[in-house]
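Coordinate inspection notes
Each chain, letter by letter, is given below.
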Amino acid sequence: MASASATLLKSSPILDKSEWVKGQNLRQPSVSVVRCYPTAPSALTVRASSYADELIKTAKTIASPGRGILAMDESNATCGKRLASIGLENTEANRQAYRTLLVSAPGLGEYISGAILFEETLYQSTTDGKKMVDVLVEQNIVPGIKVDKGLVPLPGSNNESWCQGLDGLSSRTAAYYQQGARFAKWRTVVSIPNGPSALAVKEAAWGLARYAAISQDSGLVPIVEPEILLDGDHGIDRTFEVAKKVWAEVFFYLAENNVMFEGILLKPSMVTPGAECKDKATPQQVADYTLKLLHRRIPPAVPGIMFLSGGQSEVEATLNLNAMNQSPNPWHVSFSYARALQNTCLKTWGGRPENVKAAQEVLLVRAKANSLAQLGKYTGEGESEEAKKGMFVKGYVY
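Since this is a predicted model, take the numbers as computed values, not measurements.

**Considerations on the overall build of the protein chain**
Per the secondary structure count, the protein chain includes 13 helices and 12 strands. A fraction of 79% describes how many contacts in the protein chain between residues 6 or more apart in sequence connect residues 24 or more apart. In the structure as shown, the protein chain presents an accessible area of about 16300 Å², 54% of it carried by carbon and sulfur atoms.

Put into structure tokens, the structure is as follows:
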């Protein structure tokens, strides 16, 4: 085992492309838990994994300077809503065409380090017949996979939800690794207008922790996503207090489940007022509150904080990220955006083949803007009016 780990650990923390490709460098994970029973009845739990070194390298690759994550893991139903907004039917061919446009944008890997895929996309080929995973690897982008099974009502709560998908997760994550995925994502949500109840917070934290442990055991870096929904008219201080409780609970249960912090990425919401709050926050206020919370709750061992946009406008999400990178942070503070990268791109494409190049150029503009924001060098000059439009949807389902 020691020699296998030594082979994995190279001088550079960046993954070789060959390590992402289907069927290459596969290893059977070792027994993940060893229990030693001394004379006392208590048990000492030691976590061991043949994937530990690879997990660290994958996380560092994704959290590399000037790069972030393209979240394109919308379910087929949600992707259908996006397509309907430009007058297209929700067919596999149309989904394939749009996803091909995204992954094949020339030079995307300069600004994007990872792409979260839906299961259909992980096994899908482009319109040119190349595997989506292979196209991403050629762009120096790590393929990832959404593994949760969506939100359902949480019995006994204040009309809140919980995230399902733990059943069968171990076998699914092992199959995703073989297909070329190297990281995973699990999204759960907390609603401030509905409480949040202690039950909902605990369920969210425990589910994220179990998912993270299972993913690491299969060789996938888990993106831990406890989203504090924008819904509500509460102020920024209320968001801060709720997020403080949620993040504390999440990291408590991550530790309880022996999750290796160096091999995870956190995808939280920024600390902002509720979408219906009359008192709007400036980028500097968002940065101050969010960084204060990060320092109080997130261990520096976590390599990357990849913020979700959560319905902010494209420009707003970029400005807030830029404000957080005006001074050095213990973590790589970056982005994992879906709508905030794709909105203008989708509308530019409009389902027309002749618009693909223009749409890709728009995608690269947004990716570059957020790359600059990760480096603290974004100015906001020359942004279109479309990019300034808010995208909040009440009760949004991903």
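**Focus on helix α13 (residues 356-374)**
Taking 1.5 Å of rise per residue, 19 residues should cover 27 Å, and α13 covers 27 Å from first to last C-alpha, within 8% of that figure. Three or more residues of α13 are buried, namely A359, Q360, L363, L364, R366, A367, A369, N370, S371, A373 and Q374.

**What about the sheet that holds strand β10 (residues 265-266)?**
Strand pairing within a sheet occurs via backbone hydrogen bonds; the two strands may be parallel or antiparallel. One closed barrel accounts for 8 strands, arranged β3-β4-β5-β8-β9-β10-β11-β12; its pairing is parallel. Alignment of strand β9 (residues 221-228) against β10, held across 2 bridges, turns out to be parallel. For V224, the partnering residue across the bridge sits in β10 and is L266. Against the sheet, helix α9 (residues 236-256) makes contact with β8 (183-190), β9 and β10, and its axis sits at roughly 150° relative to β9, the strand it touches most. Packed onto the sheet, α13 meets β4 (112-117) and β12 (332-337) and runs at close to 160° relative to β12.

**Here we look at the confidence of the model for the protein chain**
When pLDDT is averaged along the protein chain, the result is 88; 83% of the residues meet or exceed 70. Per-residue pLDDT stays below 50 along residues 1-13; that stretch engages in 16 contacts with residues further than four places along the chain or on separate chains. Counting interchain partners and residues more than four positions distant, the pLDDT-below-50 stretch residues 20-46 has 52 contacts.

**Points about the pairing of β4**
Of all 6 residues making up β4, 6 are buried, and the element is well covered by its neighbours. The pairing of strand β3 (residues 68-72) with β4 spans 5 bridges and is classified as parallel. Residue pairing in the sheet places A71 in a bridge with I116 of β4. With 4 bridges connecting them, β4 and strand β5 (residues 142-146) associate as parallel partners. When the sheet's bridge partners are listed, I116 is paired in β5 with G144.

Calculation notes
- Residues numbered from 1 in each chain as written.
- Predicted model: local features only at pLDDT ≥ 70, side-chain atom pairs only at ≥ 80, totals over all residues.
- Heavy atoms only, no water.
- Helix = DSSP H or I, 4+ residues; strand = E, 2+ residues; numbered from the N terminus.
- Contact = heavy atoms within 4.5 Å.
- Areas by Shrake-Rupley, 256 points an atom, 1.4 Å probe, with all protein chains shown as cover.
- Expected span 1.5 Å × (residues − 1).
- Buried < 20%, exposed > 50% of the residue type's maximum accessible area, 1.4 Å probe, protein only.
- Pairing = 2+ DSSP bridges.
- Axes fitted to C-alpha atoms, helices over the stretch in contact; angles between N-to-C directions.
- pLDDT = per-residue confidence, 0-100.

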